[in-house]
Amino acid sequence: MFSISEIYSSRAKSDFSLSQNETLASLNYMDYRQFKKVELHRHFEACARLTSLAEMANMGLQEAATHFQIHHPMKSLEEVIQRFVRTVEYFRSYEVLERIAYEACEDAALENIRILELRYAPSFIGAVQKLDFQKIHDAILKGVQKAEKDFPIAVGFIGIIVRSQSMLEAEKSLDFFLHNKDSFLAIDLADQEVGFDCRNFATLFSKAREHGLRVTCHSGEENVAEAPQFVKNAIDILGAERIGHGLQIIHDQNIMQYVKEKNIVLELCPTSNFLTNNWPDLASHPLKQLYEYGIACTINSDDPVVFNIDLSHEWKIAHENMGIHLGAIHGMQETAYRASFLPEAKKTAIWQS
Ligand SMILES: [Zn+2]
């Protein structure tokens, strides 16, 4: 059995060969919270603190949990996205957005996330609330910057374009991200993939790359036959360096090989895939197989409050349900550190603090 101090001393030596001696299920949940972590894939709209939502909605905590959270697999990704709306309905003022942003960073810092990439879709918030894109961003940024002063955490933003909205909305979003490229690290394309060809967004993504924005893309998330090809298209057509999810490439060895050769980083989110009904159970989630195949894998929470989880929970699932050794999990953590779009100096400063 390993103690936290042994794991840390091993990490300090950059030695991840813990697997020879470690015992599975040797840690409790609080132990997982103590590791320094990197989170690459977390949606701002899905990390409003539950106690704050309960307060804003004038609900008891149990009622709020039932209303805002998902505890059992839903029918589809679409149904899960609709559940997001229940939270965004309470994003009623810029002050609320600032508070939620601050608390989201505080909660991440409390589980020792040191590097956090938060993503959101201003067009999604804007569709529910009649709020101005720039004022939404300024409020979120204010909350995040205050949290960065109060806690040992470095935060960067990824701007999301929503597939199922109009091209006009996509263009408006991109213009907004480019106008704020000092605070957006990258862009992402999210939402359901079937019926929304990524070629439609090729020009926008090309323009984003020309202006120095990095690219990640939700792809290969839904359990459909075309999913592996969607991932290849996101790489070839949009220039994705990282793929949000991508788990369904497990069904196509040629595309697994392609992703490996291109050194594309997968942002895997096991509980999310289970609750969106895109993978049947956590124990057989393909994270372990993809990692063992040699693909650059990272572990992420996706929608922590909506799914009633955190990143520590996902580490615990990876170790105890999937049987991935702690040494391998730390290897994925190193991958996440390297793949983070935050500037190197900001990463180094916060990691060593
Ligand atoms: Zn996501």
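Residues numbered from 1 in each chain as written. Predicted model: local features only at pLDDT ≥ 70, side-chain atom pairs only at ≥ 80, totals over all residues. Heavy atoms only, no water.

Caption draft 1: Representation of the overall build of the protein chain within the structure. Broken down by element type, the protein chain carries 17 helices and eight strands. Relative to the globule expectation of 20 Å for 353 residues, the C-alpha radius of gyration of the protein chain, 19 Å, shows essentially globular dimensions. Principal axes of the C-alpha set define a box for the protein chain whose edges measure 55 × 45 × 40 Å. Relative to its full complement of 353 residues, the protein chain shows a buried share of 59%. For the protein chain, the proportion of contacts with a sequence separation of at least 24, taken over those separated by at least 6, is 78%. Of the roughly 14100 Å² of accessible surface on the protein chain, 49% is carried by carbon and sulfur atoms. In the protein chain, the 35 positive side-chain charges and the 48 negative ones have mean positions that sit 4 Å from each other. (Helix = DSSP H or I, 4+ residues; strand = E, 2+ residues; numbered from the N terminus. Rg over C-alpha atoms; globule rule 2.2 N^0.38 Å. Buried < 20%, exposed > 50% of the residue type's maximum accessible area, 1.4 Å probe, protein only. Contact = heavy atoms within 4.5 Å. Areas by Shrake-Rupley, 256 points an atom, 1.4 Å probe, with all protein chains shown as cover. Lys, Arg positive; Asp, Glu negative; His and termini not counted. Charge placed at Lys NZ, Arg CZ, Asp CG, Glu CD.)

Caption draft 2: A look at the environment of D197. If you trace the backbone, D197 turns up in the loop between β4 (184–190) and α10 (202–210). In sequence terms D197 and P228 are 31 residues apart; their C-alpha atoms lie 14 Å from each other. At 2.9 Å, the side chain of D197 forms a polar contact with the backbone nitrogen of R199. (Polar contact = N/O pair within 3.5 Å; in protein donor to acceptor, adjacent residues only side chain to side chain.)

Caption draft 3: Fine view of the packing of aromatic side chains. Applying the stated criterion across every chain, the model contains 14 aromatic pairs. Each ring, one from F68 and one from Y90, has its centre 5.8 Å from the other, and the planes form 75°; the classification is edge-to-face. With F68 in helix α4 (residues 61–68) and Y90 in the loop between α5 (77–88) and α6 (94–110), this residue pair connects regions lying 22 residues apart in the sequence. Y90 gets classed as buried once you look at its relative accessible area, which sits at 14%. Put simply, the rings of F44, F91, Y120, F133, F157, F176, F177 and F184 pair up and form one aromatic cluster. Positioned above the aromatic ring of W315, the side-chain terminus of K37 is 5.6 Å from the ring centre. Taking NZ or CZ as reference, K260 lies 5.1 Å from the ring centre of Y293, over its face. (Phe/Tyr/Trp six-rings, centres within 6.5 Å; stacked < 30°, edge-to-face > 60°. Lys NZ or Arg CZ within 6 Å of the ring centre and 35° of its normal.)

Caption draft 4: Quick peek at α4. Those residues of α4 that fall on the buried side of the exposure criterion are A64, A65 and F68. Considered in projection along α4, the buried side chains sweep an arc of 105° and stay on one side of the axis. Seen from the open side of α4, the exposed residues pointing more than 90 degrees away from its buried face are Q62 and T66. Buried positions along α4 lie against α3 (50–57) and α5. (Arc of directions from axis to C-beta.)

Caption draft 5: Highlighting the coordination of the zinc ion. In this structure, H41 (NE2), H43 (NE2), H218 (NE2) and D302 (OD) serve as the protein donors to the zinc ion, at separations of 2.1 to 2.3 Å. Counting the intervening residues between successive donors of the zinc ion yields the motif H-x1-H-x174-H-x83-D. Taken together, the residues span a long stretch of sequence, with H41 in strand β1 (residues 37–43) and H218 in strand β5 (residues 214–219) at a distance of 177 residues. Take H41 and H218: they sit in the same class, and that class is buried. (Donors = N, O, S within 2.8 Å, 3.2 Å for Na, K, Ca; no water.)

Caption draft 6: Focus on the packing of α6 against helix α8 (residues 133–150). Put simply, α6 and α8 touch, their axes get as near as 7 Å, and they point 35° apart. Seen from above, α6 lies across α8 with right-handed handedness. Of the residues in α8, those touching α6 at Y94, L97, E98, A101, Y102 and C105 are K135, I136, A139, I140, K142, G143, V144, K146, A147 and D150. Partitioning the contact of α6 with α8 into residue classes produces ten nonpolar, one polar and five charged. (Axes fitted to C-alpha atoms, helices over the stretch in contact; angles between N-to-C directions. Left-handed = near helix turned anticlockwise from the far one by under 90°. Nonpolar A, V, L, I, M, F, W, Y, C, P; charged D, E, K, R; others polar.)

Caption draft 7: Quick peek at the pairing of β4. For β4, the buried fraction is high: seven of the seven residues fall into the buried class. Pairing geometry for strand β3 (residues 154–162) and β4, over six bridges, is parallel. Of the residues in β4, the one forming a bridge with V162 is A190. You can see the chain leave β3, run along helix α9 (residues 167–179) and come back into β4, and the turn it takes is right-handed. What joins β4 to β5 is α10, and the crossover it makes is right-handed. (Pairing = 2+ DSSP bridges. Right-handed = clockwise from strand over helix to strand, strands pointing away.)

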